[in-house]
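Each chain, letter by letter, is given below.
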Amino acid sequence: MLEKDILCATDLTPTSDNAVRAANAIAAHLATRMTLLHVLNRSEQEEHERVVGVMSDQVARGGAEGRTTHKLLEGDFMKRIAEETGQGHSLLVLATHGPHGLRQSLFGADILKLVRQSAIPSLVVQEGLKLEGLLQRIVLPVAAHADIDKLLDMVVALAKAFAADVHVFQLMRPGESPSDELLANKQRMLLRLKTEGLRHEEVNEPSTTFSIGFAEPTIRYAQRVGAGAIAIMAHASDEYRYIADAEKERLLANDARIPILCA
């Protein structure tokens, strides 16, 4: 599944250095290449040489020299990144500036919109990325979606590449009975991980609050076990659809700065 190159989007800021570092680490594990993409804004359209120079500096800082191809596009940055994900890449890696904003407004609802538009799974990282733990433990919350295969396939592929263990995580709420869809998906996840020979754990985490939100308990658990990523569905399931977007935004910009894998 990861035989194609890694697509990394940069806005040329120091924060996106973290995306370059993460993409390079993944490409190195997979013995593949990386495409570094920047979408030019209006003021940059006559400055190709300068922009390529900044991108080259990012590549050098990220240790990705010799495995990176530069690509410049023009137009709406979200639209162009989404379009590029359909051009033969395995994984999109990008950095969010969290709740504090960015020149191209790549945070919160915007980052969620972009990963939903992506034709391939996405890994979202933040400032303060710790490469030594990247993807070495993946927390996989159970979801009731009918189409979990794309996410599960990517979790399996990355877990194999990084020799990771996967924690299949279910939040257990007092007095609440999980849906048949959720329980079926949980068993499907566990069986797939076992069949693939991956180290994994089934985690049934008691809820300590009456909130129906899932982001904070998931983040707290992932932080407690030193997770190198949390893997989530980009789209909402029918369960809790009315709160799902806000919860996914909290995950993408989590204060613990844990990378989020979306599909």
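Residues numbered from 1 in each chain as written. Predicted model: local features only at pLDDT ≥ 70, side-chain atom pairs only at ≥ 80, totals over all residues. Heavy atoms only, no water.

Student: Sorry, what's going on with the overall build of the protein here?
Tutor: Across its full length, the protein carries eight helices and ten strands. C-alpha extents for the protein along the principal axes are approximately 60 × 35 × 30 Å. For the protein, the proportion of its 263 residues judged to be buried stands at 55%. Partitioning the intrachain contacts of the protein with sequence separation of at least 6 by distance along the chain shows that 81% fall at a separation of at least 24. (Helix = DSSP H or I, 4+ residues; strand = E, 2+ residues; numbered from the N terminus. Buried < 20%, exposed > 50% of the residue type's maximum accessible area, 1.4 Å probe, protein only. Contact = heavy atoms within 4.5 Å.)

Student: Whenever I open this one, the confidence of the model for the protein confuses me. Can you help?
Tutor: Mean pLDDT over the protein stands at 90; residues scoring 70 or higher make up 91%. Low pLDDT, under 50, characterises residues 100-108; the stretch is placed with 24 contacts to residues that sit more than four places away or in other chains. (pLDDT = per-residue confidence, 0-100.)

Student: Sorry if this is basic, but what is going on with the packing of helix H1 (residues 14-30) against helix H2 (residues 48-61) here?
Tutor: Between two packed helices, what matters for the description is the angle formed by their axes and the separation of those axes. At a minimum axis separation of 9 Å, H1 and H2 run at an interaxial angle of 55°. Looking at the two axes, H1 sits oblique to H2. The way H1 lies across H2 gives a crossing that is right-handed. Counted together, Ser16, Asp17 and Val20 of H1 and Gln58, Val59 and Arg61 of H2 form the full contact between these two elements. A breakdown of the residues in the contact of H1 with H2 according to their chemical character gives two nonpolar, two polar and two charged. (Axes fitted to C-alpha atoms, helices over the stretch in contact; angles between N-to-C directions. Parallel < 35°, antiparallel > 145°, perpendicular 65-115°, else oblique. Left-handed = near helix turned anticlockwise from the far one by under 90°. Nonpolar A, V, L, I, M, F, W, Y, C, P; charged D, E, K, R; others polar.)

Student: Teacher, can you tell me more about the pattern of salt bridges here?
Tutor: Opposite charge on two side chains makes pairing possible when the charged atoms of those side chains draw close. Evaluation of the coordinates by the stated rule reveals 14 salt bridges. Put simply, Glu84 and Lys71 hold a salt bridge, and the shortest N to O gap is 3.0 Å. Of this pair, Glu84 sits in helix H3 (residues 77-84) while Lys71 sits in strand E3 (residues 68-74), placing them 13 residues apart in sequence. Between Arg80 and Glu83 there is a salt bridge; the shortest N-O distance is 2.8 Å. Of this pair, Arg80 and Glu83 both sit in helix H3, three residues apart, which is roughly one turn of that helix. Judged by relative accessible area, which is 25%, Arg80 ranks as partly exposed. Classification of Glu83 as partly exposed rests on a relative accessible area of 36%. When salt bridges that share partners are traced, they join Asp153, Lys160, Arg192 and Glu196 into one network. (Salt bridge = Lys/Arg side-chain N within 4 Å of Asp/Glu carboxyl O.)

Student: Explain unusual backbone geometry to me, please; I cannot follow it from the model alone.
Tutor: Generally, phi is negative for residues other than glycine and the peptide bonds are trans, each holding for most cases. A positive phi angle, close to 75°, is found at Leu12, a residue other than glycine. In this structure, Leu12 sits in the loop between strand E1 (5-9) and H1.

Student: Would you take a moment to explain the side chain of Thr218 for this structure?
Tutor: Structurally, Thr218 can be placed in helix H7 (residues 215-224). Of the polar contacts made by the side chain of Thr218, one reaches the backbone oxygen of Phe214; its length is 2.6 Å. Ignoring sequence-local partners within four residues, the contact set of Thr218 consists of Val139, Pro141, Phe169, Ile230 and Leu251. (Polar contact = N/O pair within 3.5 Å; in protein donor to acceptor, adjacent residues only side chain to side chain.)

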